[in-house]
Amino acid sequence: MTDRTTEQHAAPRRRAAPVRTCIGCRKRELAVDLLRIVARDRENGDGSHVIEIVPDPRRRLPGRGAWLHPLSACLSTAERRRAIGRALRVSGHLDISALEHYLENRHEHS
């Protein structure tokens, strides 16, 4: 008869992949399936400031990030719900043109 107390069948530990929530559709997905976006303060030539929302596909830009499915439907839902400003904790006029441009051209290089 074998001694079961000394026999430990521990399953190998796997590192759990991070899960994030899309600010557009509010579905939880693995972070690798979502696009990270960040806010950058940009100064116009007339001295006014605009907050530019830019994609961060390499996930390296500094600052608070938010997560979004790389689909124009999720972007328009997030924009309609005003979720981008809330998630990034910024207010004022948000320029999402760089993000729109990234999503439009994303499939050309795939």
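See the structure above.
Model, not experiment: these values are computed from the prediction.

Definitions and cut-offs
Residues numbered from 1 in each chain as written. Predicted model: local features only at pLDDT ≥ 70, side-chain atom pairs only at ≥ 80, totals over all residues. Heavy atoms only, no water. Helix = DSSP H or I, 4+ residues; strand = E, 2+ residues; numbered from the N terminus. Buried < 20%, exposed > 50% of the residue type's maximum accessible area, 1.4 Å probe, protein only. Contact = heavy atoms within 4.5 Å. Areas by Shrake-Rupley, 256 points an atom, 1.4 Å probe, with all protein chains shown as cover.

Q: Got a minute to help me understand the overall build of the chain in this structure?
A: Helices and strands together make up the secondary structure of the chain, namely 3 helices and 6 strands. Counting over 110 residues, the chain shows a buried share of 30%. A fraction of 57% describes how many contacts in the chain between residues 6 or more apart in sequence connect residues 24 or more apart. About 8300 Å² of surface is accessible on the chain, with carbon and sulfur atoms providing 48% of the total.

Q: Would you mind going over the side chain of Glu52 with me for this structure?
A: Note that Glu52 resides in strand S4 (residues 49–55). Dropping the residues within four chain positions of it, Glu52 is found in contact with Val38, Ala39, Arg40, Arg42, Asp95 and Ala98.

The analysis is restricted to geometry; functional conclusions fall outside its scope.
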